[in-house]
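Residue-level structural notes
Chain residues, written in single-letter form:
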Amino acid sequence: MQHRIIISGGGTGGHIFPALSIADAIRKIEPEADILFVGAEGKMEMERVPAAGYRIIGLPVAGLQRNMSMANLALPGKVLRSLSKAGKILRSFRPDVVVGVGGYASAPVLWKAASKGIPTLIQEQNSYAGLTNRMLGRKARRICTAYPGMNKFFPAQKTVLTGNPIRDNMHPFTPEERAEGQRFFNLDPALPTVLVVGGSGGCGTFNSVMRVACRSNDGAFPYQIIWQSGKGYSSQVQEMFSRLRGVSQNRNGIRIWGNIRNCDFITRMDLAFAAADIVVSRAGAGTISELCSIGKATIFVPSPNVAEDHQTHNAMSLVDMDAAVLVCDSRAATDLFPAVEALLNDPERRQALERNILKMARPDAAGDIAREVLKLIDDKKHEDIQ
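Attention in this report is confined to the structure presented alongside it. Being a predicted model, the structure only gives us computed values, none of them experimental.

In this structure, the second largest pocket occupies an estimated 420 Å³ of space. Lining the second largest pocket are 23 residues, and of these Ala146, Tyr147, Pro148, Ser317 and Met360 sit closest to its centre. Sorting the residues of the lining of the second largest pocket by element identifies α10 (285-294) and α11 (310-319) as the ones contributing at least two each. The element contributing the most residues to the lining of the second largest pocket is α10, with four residues. Taken together, the residues of the lining of the second largest pocket sort by class into 13 nonpolar, eight polar and two charged.

Structure (C-alpha cells):
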C-alpha cells in the first residue's frame, strides 16, 4: 500500500536541505511513497523542492518581524489563512503522517494534523528547542533530536536522538577531493585556506569584518580566504570589488583578488569544505551537523538575531566537548582574525578539534528519521486494527 507523507517547513536552506534529505531517505526505503511538501509562499523552498523532484504547496504564512514592522499587522490574517489552507491540504491529500522540519510552514500543518488525529513527527534541529516546537511536541507522536539531553523540552518517551540530516556529499574528504576544491577556487596548494561562510543570505558581521580586512591587507593575506558573502549583500560587495585593481573571475564565477576568493553563493560547498583548513561559520544546526560529518576545525560566531539565542546553545554543545572555538558576534571585529591565525599557527590544536568534532557526527540521521516516520505509520495501522 502506498504511504502518503507530508513534510512541512522551510524558509532557509537550513530547513530545506534536511527536509529533502529525509524525503530521499524515505524513498530509498519506500520507493513508491507519495511525498508532498508544504512550504511558505515566496520562500526558497518553492524553487528548491520542485528542482529536487518533489511537489510543494505554499502557505501564506510569515514570521514575526523583530523590529516594529508594519508587516506584523498582517500576521494574524496570514496565520488564519494558513490554518485554513493547511486543513484543506490535509483533507485532499489524506496523509498517513506529517513531518515538521521547522520554519514558518511547519506550525499550521502540524497543528491541524494533530487535531485530526494524524500522527506527527517533529525534527528538532537545535540544542535549545523553540517555543513553537515545544508546544507542538505536546501532541506529536515522535520528536527526533540532534542533541542529547532534550528531555528537558519534550516527553522522554517520545524523544529519539537521531542527529540532523545532511547532504549526501558531506564526509571526511580525500586528498583528491581537496585537490579538486583547490582547482575549483584557483587556490595555491602551498598556502592554508580559511572558509568564511555566513549562509545563503549572507552575514553582515562577516562581510563587515572581511571588508575591513581587505582594506587593511590590500588582499595580501599570508593565507587564502574563500568568502561567501551572500546574495543579500551582492550589490555592496560588488561595489567594493569594483573599486579594487587586479580583480578577476575564474570560469566557476569566483572573484579573485590577491588571496581572496569571493562569490555571493557557493554552488559547490563540498569543494569549499574540502579545500578549507579552517571554517568560520554561523552556528545554525544544519551547518553544525555538516561540519561534524566532515571533521573540520571550526570557529563559530553565533548569530545574535535568532530566537532564544539558540545558535549560542548549539555552538556551546561543541565548545564544551573541545570540538570547536567560539567568538562572540559583538567581538568579531577584534577577535575573529586573531582566533583564525592562532589556529593556523597551532596544527596540534587544529587536529584535536578535527578529531573531537568528527566524534559528534551522525551520518545516517536522515535514514534514522525516515525509519521513525515509517514506524509511526505502522503503529497507527496497528492501533486502527485494534
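The discussion continues.
Okay, the pairing of strand β14 (residues 297-300) next. Side chains Ala297 and Ile299 project from β14 onto one buried face, and the interleaved Thr298 and Phe300 project onto a second face that is buried too. Strand direction decides the pairing type here: strand β13 (residues 278-281) and β14, joined by four bridges, are parallel. Paired with Val280 across the bridge in β14 is Ile299. Viewed along the sheet, the connection from β13 through α10 into β14 turns out right-handed. Of the pairings in the sheet, the one linking β14 to strand β15 (residues 325-326) comprises two bridges and is parallel in character. From the neighbouring strand, Ile299 faces β15, where its bridge partner is Val325. Where the polypeptide runs from β14 across α11 and back to β15, its parallel neighbour, the crossover connection is right-handed.

Within the structure shown, the criterion is met by six aromatic pairs. Ring plane angle 70 degrees and centroid distance 4.9 Å describe the contact between Phe184 and Phe185, whose orientation is recorded as edge-to-face. Neither residue differs from the other here; Phe184 and Phe185 are each classed as buried. Linked through ring pairs, Phe221, Tyr223 and Phe337 together constitute an aromatic cluster. Directly above the ring of Phe265 sits Lys231, whose terminal nitrogen or CZ lies 5.2 Å from the centroid.

A complete count under the given rule lists one cavity of 30 Å³ or more for this structure. Quantified by volume, the largest cavity comes out at close to 40 Å³. Together, Ile7, Ser8, Gly9, His15, Ile16, Ala19, Phe37, Val38, Glu45, Val49 and Val101 line the largest cavity. For the lining of the largest cavity, the secondary structure elements donating two or more residues are β1 (4-8), α1 (13-29), β2 (34-40) and α2 (45-51). In terms of residue count, the dominant contributor to the lining of the largest cavity is α1 (three residues). In the lining of the largest cavity, the residues fall into seven nonpolar, three polar and one charged.

Right, let's get into a nonpolar patch on the surface. Taken together, the side chains of Trp111, Leu131 and Met135 make up a nonpolar region of the molecular surface, amounting to roughly 320 Å² of accessible area. Inspection of the secondary structure puts Trp111 in helix α4 (residues 106-115).

Taking strand neighbours across the sheet as the criterion, the eight strands line up as β10-β11-β12-β9-β8-β13-β14-β15 in an open arrangement whose pairing is mixed. On the outer flanks of this sheet lie β10 (248-249) and β15, each paired with one strand and no other.

Within the open sheet, the seven strands sit side by side as β3-β2-β1-β4-β5-β6-β7. Their pairing is parallel. The two strands at the open ends of the sheet, each matched to only one other strand, are β3 (55-59) and β7 (159-161). When the angles between neighbouring strand axes are averaged without regard to direction, this sheet yields 20 degrees. Where strand β6 (residues 142-145) and β7 come together, three bridges link them in parallel fashion. In the sheet register, Cys144 faces β7, and the bridge partner there is Val160. Of the strands in this sheet, β1, β2, β3, β4 (97-100) and β5 (120-124) touch α4, which is tilted by about 150 degrees from β4.

Definitions and limits used
Residues numbered from 1 in each chain as written. Predicted model: local features only at pLDDT ≥ 70, side-chain atom pairs only at ≥ 80, totals over all residues. Heavy atoms only, no water. 1 Å grid on protein atoms, 1.4 Å probe; cavity = no way out; pocket = protein on both sides within 12 Å on 5 of 7 lines; lining within 4 Å. Points joined across faces, edges and corners; volume = space filled by probe spheres on them. Helix = DSSP H or I, 4+ residues; strand = E, 2+ residues; numbered from the N terminus. Nonpolar A, V, L, I, M, F, W, Y, C, P; charged D, E, K, R; others polar. Buried < 20%, exposed > 50% of the residue type's maximum accessible area, 1.4 Å probe, protein only. Pairing = 2+ DSSP bridges. Right-handed = clockwise from strand over helix to strand, strands pointing away. Phe/Tyr/Trp six-rings, centres within 6.5 Å; stacked < 30°, edge-to-face > 60°. Lys NZ or Arg CZ within 6 Å of the ring centre and 35° of its normal. Patch = residues over 30% accessible without salt bridge, like charges linked within 9 Å, V, L, I, M, F, W, Y side chains within 5 Å. Areas by Shrake-Rupley, 256 points an atom, 1.4 Å probe, with all protein chains shown as cover. Salt bridge = Lys/Arg side-chain N within 4 Å of Asp/Glu carboxyl O. Axes fitted to C-alpha atoms, helices over the stretch in contact; angles between N-to-C directions. Contact = heavy atoms within 4.5 Å.

Bear in mind that shape data such as this cannot, by itself, settle questions of function.
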